[in-house]
Structures are given as structure tokens and as C-alpha cells.
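# Architecture at a glance
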Amino acid sequence: MKYQLNEIEYAKLKIGEDEVLEEQRKIIINSSKIAENLEIADNALSEQTIESINVAIKALEKIENIDEKYEKKLSNLKNIYYDIQEIARDINAIKDDVNFNEEERNNIEERLDTIFSLKRKYGNSIEEIIQYKEEIEKEIFEIENLDEINNKLKSELKDIELEMTKLSKQMNGIRIKEGKELSIKINKELKDLEMQNARIEAQVISQEEFNKNGLDVVELVISTNIGEEKKPLIKIASGGEMSRIMLAIKSVLAGVDKVPVLVFDEIDTGISGIAAIAVSMKMKNIARHHQVLCVTHLASIAAKGDNNYYISKEVKDDKTVTKIKLLTEEETIKEIARIASGDITEGTLKYAMELRKRAT
């Protein structure tokens, strides 16, 4: 790992450096090509070449008077001679001005080879190579300073645990206080729901190890009859009792509970009269903050519903089918009258209409 890191450090990479070097290499390669071919051209246009043309000129001068065509060729050749002399001088001057550094080219080639080698090993770009370098440096630092880092983390963990313990103790006191107040409020609601002997308690049990709630485990326990030991809510056997207990709890927590939908079934089991009216009023209150669904056979509870559905069963093709029908206001009053006395009469209809009137 150290070899790899040293190799990367040696490269001293910069983002975009490979592109810059590639451009420089192209320039140097072009310079090399220019210098090489200028040298060839310069050699070809040597004094010997120009002197050969001069010899040809002198030969044509001896016969230019014999025929006009020789005179014309001589003139053309002299023009070429002067042009070549000028071109030769220009090429020689340009050749001296061409800046080609073979050592610089070798350095760039070597540098690019290093970068390409690093790319093959550590990433497809200089950004990835630098990221790899930083990760390796971090790992080496952590390995070389493992004891120091561990001691620092242990110290920080200890400070955090002390602060968590402090906060947990504060929460414990708050939970015990609020739990007692909550228990009193729920027990009052239970009495209104004809559960006179029920006693609920919010137990706050401290533990040695932390959980997501601190050092406490909070649980609601209840005794539904005098002399019975308090048990967790989940162990309450009666569906009717559980529904009324939940109604009592939700009545207390209606303003802060964020559960959107509440379903109550068998909530009217074993109650009637004043208790049934109390149940209907509490459900109406909860419905201000939640969507409430309730299955009931009590007229006073059904009368509080904003929307009423009639559930029935029938046998069809040797199968039992459950049907649900949304009732109109007229159908709702008739159904309330029916479940109030078992029969629909002028008196029960009047009673049902009075219940609906109170519900609003």
C-alpha cells in the first residue's frame, strides 16, 4: 500500500494535466516534424544545387543569340535561380528559429506514461486517481494513528453516554409525572364508558441499557376488574373492552395523536343508556381529529355518524356474500328506528329523528 501511495505522490497530479501534456506533446511532435523536413529542404537547396543551376545558366548564355527560344528559357531559368536563392535563405533562417527540444519531449512522454500507468491501476481519470490517493492516505493515517483515534472516540463516546444518561433521567422524571396525569384522565374516561372497576396505569420501567427512547420502557397496563392483577393492554381478551379502552385513550389523546384512521368494533358490547350516549359523544369528539369507522348495533351511536352504511350477508350460488350499502338520510333514520326497538313505527321514527337532530 505504501508503494502505491508513494507512486501516486510522485506523480503530483493536477486535474486536467493529462490534457495539457497531450497538447504540448502534439506541439513538440509538430515542431520535430517541421525541423526535420526543413533540414531536408535546406540540405537539398545547398550551394551545390544552386551552383548546378548557375552552370546551366552559363551554358544557355552561350547560345541565347542563336534562337529566341534559348533566350526565353535562359530568362525563365534565371528567375528560378533567384527564387531558389531567396527560398534557400528563408528556409535556413526559419530552420534556425524552430524551437525543438528533444529533452522536453522525452520528459513529457515520460510524464504521460506515468499518468497512463496510474490510470490503468487506480482510475479512469485524474479525478479518480486523486480520490483514490486521498482514500489511501486516510487509511494509512488511521492505521498509523489507530490508538490515538480509538482513545479519542472512546472519550467522545463516554461524553455522549454521560449526556444521554443525564437526558434519560430527565425524561424519566417527565414520563413518570405525565404518566400519572395520563392514567388519571384515561381512568375518568373509562368510568364514563361503564368500566367503573377498570384501572389503567402508565408504567415507566428504567433499564441499564439504552434504547431508542432512552433508558425507559413505557407500557400501559390495566386491570378491568377489582382484585385482578394489572396486565398489558395486548392481553385484554374482550374485543368490546379493548374497543372501549382504546376509545378512552383516544379521547384523551385526540388532539395530539397522528393516527389518521381509527376502527372500532364491538364497542357497544355490554353498554346501553347513559354509557352508550357517552360512547357516541366521545367518538364524535375524536372524529374531529381522525377518520372514525365504527361497527355498532346501538341507535345512539349510529345516530352520530356523518355517513352510515348498512352491512348485510346473503347466500348466493352456495356462497356467503357480504354487502355494504351507503344509506340516504331517510334510510339512515329508518335503520336507527329499527335497531332502537326492532320495529319501525311512527314512534321509533320520531325517536330516530330526535337522535339525528341531537347528533348535529
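Above this note sits the structure.
Predicted model only: the values in this text are computed from it and were never measured. (Residues numbered from 1 in each chain as written. Predicted model: local features only at pLDDT ≥ 70, side-chain atom pairs only at ≥ 80, totals over all residues. Heavy atoms only, no water.)

Another point: the overall build of the protein chain. Across its full length, the protein chain carries 12 helices and 7 strands. Against the globule reference of 21 Å for 360 residues, the protein chain gives a C-alpha radius of gyration of 51 Å, more extended than a compact globule. For the protein chain, the spread of C-alpha atoms along the three principal axes comes to 155 × 65 × 40 Å. Looking at the protein chain as a whole, 30% of its 360 residues are labelled buried. When the accessible area of the protein chain is evaluated, it comes to approximately 24800 Å², of which 52% is carbon and sulfur surface. (Helix = DSSP H or I, 4+ residues; strand = E, 2+ residues; numbered from the N terminus. Rg over C-alpha atoms; globule rule 2.2 N^0.38 Å. Buried < 20%, exposed > 50% of the residue type's maximum accessible area, 1.4 Å probe, protein only. Areas by Shrake-Rupley, 256 points an atom, 1.4 Å probe, with all protein chains shown as cover.)

Axis separation between helix H3 (residues 47–61) and helix H4 (residues 68–97) bottoms out at 10 Å; the angle between their running directions is 160 degrees. Taken together, the axis directions place H3 and H4 in an arrangement best described as roughly antiparallel. As for how H3 packs across H4, the hand of that crossing is left-handed. Across the interface between the two elements, Ile50, Ile53, Asn54, Ala56, Ile57, Leu60 and Glu61 from H3 touch Lys73, Leu74, Leu77, Lys78, Tyr81, Ile84, Gln85 and Ala88 from H4. (Axes fitted to C-alpha atoms, helices over the stretch in contact; angles between N-to-C directions. Parallel < 35°, antiparallel > 145°, perpendicular 65-115°, else oblique. Left-handed = near helix turned anticlockwise from the far one by under 90°. Contact = heavy atoms within 4.5 Å.)

Picture the strands of a sheet paired through backbone hydrogen bonds; they go either parallel or antiparallel. On the basis of which strands lie adjacent, the open sheet formed by 3 strands has the order E1-E2-E3 and antiparallel pairing. Sheet topology places strand E1 (199–211) and strand E3 (231–232) at the edges, where each strand pairs with a single neighbour. Strand direction decides the pairing type here: strand E2 (residues 214–223) and E3, joined by 2 bridges, are antiparallel. Across the sheet, Val221 pairs through a bridge with Pro232, a residue of E3. (Pairing = 2+ DSSP bridges.)

This part is about the side chain of Ser280. Looking at the element boundaries, Ser280 is found in helix H9 (residues 273–286). With a relative accessible area of 3%, Ser280 lands in the buried category. Those residues in contact with Ser280 that sit more than four places away from it in its chain are Ser300, Ile301 and Lys304.

A separate point is the packing of helix H2 (residues 17–44) against helix H5 (residues 102–122). The geometry of H2 relative to H5 is characterised by a closest axis approach of 10 Å and an angle of 145 degrees between their N-to-C directions. The way H2 lies across H5 gives a crossing that is left-handed. Together, Glu17, Asp18, Leu21, Glu22, Gln24, Arg25, Ile28, Ile29 and Ser32 of H2 and Glu104, Arg105, Ile108, Glu109, Arg111, Leu112, Ile115, Phe116 and Lys119 of H5 make up the contact between the two elements. Considering only residue class, the contact of H2 with H5 consists of 7 nonpolar, 2 polar and 9 charged. (Nonpolar A, V, L, I, M, F, W, Y, C, P; charged D, E, K, R; others polar.)

Should the charged atoms of two oppositely charged side chains come close, the side chains can pair. In the structure shown here, the tally under the stated rule is 13 salt bridges. Between Glu201 and Lys230 there is a salt bridge; the shortest N-O distance is 4.0 Å. Of the two residues, Glu201 sits in strand E1 while Lys230 sits in the loop between E2 and E3, which places them 29 residues apart along the sequence. Glu201 gets classed as partly exposed once you look at its relative accessible area, which sits at 32%. Notably, a salt bridge pairs Glu330 with Lys334, separated by 3.7 Å at the nearest N-O pair. (Salt bridge = Lys/Arg side-chain N within 4 Å of Asp/Glu carboxyl O.)

Turning our attention to the packing of aromatic side chains. Evaluation of the coordinates by the stated rule reveals 1 aromatic pair. Pairing Tyr81 with Tyr82 gives two aromatic rings, centres 5.7 Å apart and planes at 65 degrees, and the pair type is edge-to-face. (Phe/Tyr/Trp six-rings, centres within 6.5 Å; stacked < 30°, edge-to-face > 60°.)

Between its first and last C-alpha atoms H2 spans 40 Å; for 28 residues at 1.5 Å apiece the expected length is 40 Å, and the two agree. Glu17, Asp18, Leu21, Ile28, Ser31, Ser32, Leu38 and Asp42 are the residues of H2 that are buried. Of the surrounding elements, those touching the buried residues of H2 are H4, H5 and helix H6 (126–144). (Expected span 1.5 Å × (residues − 1).)

So, about the pairing of E2. As judged from the 9 bridges shared by E1 and E2, these two strands associate in the antiparallel manner. Its bridge partner lying in E2, Glu201 is registered against Val221.

The subject of this paragraph is a nonpolar patch on the surface. Taken together, the side chains of Tyr309, Ile311, Ile324 and Leu326 define a hydrophobic patch exposed on the protein surface, amounting to about 440 Å² of accessible area. Residue assignment for the nonpolar patch shows that the elements contributing at least two residues are strand E6 (309–316) and strand E7 (319–326). (Patch = residues over 30% accessible without salt bridge, like charges linked within 9 Å, V, L, I, M, F, W, Y side chains within 5 Å.)

Within a regular strand, side chains alternate between the sheet's two faces. Of the two faces of strand E4 (residues 261–265), the one lined by Leu262 and Phe264 is fully buried and the one lined by Val261, Val263 and Asp265 carries no buried residue. Bridge count between E4 and strand E5 (residues 291–295): 5 bridges; the pairing is parallel. Paired with Val263 across the strands is Leu293, a residue of E5. For the segment spanning E4, H9 and E5, crossover handedness is right-handed. (Right-handed = clockwise from strand over helix to strand, strands pointing away.)

Here we take up a negative patch on the surface. A surface patch of negative charge is lined by Glu134, Glu135, Glu139 and Glu142. Tracing the backbone shows Glu142 in helix H6. (Lys, Arg positive; Asp, Glu negative; His and termini not counted. Charge placed at Lys NZ, Arg CZ, Asp CG, Glu CD.)

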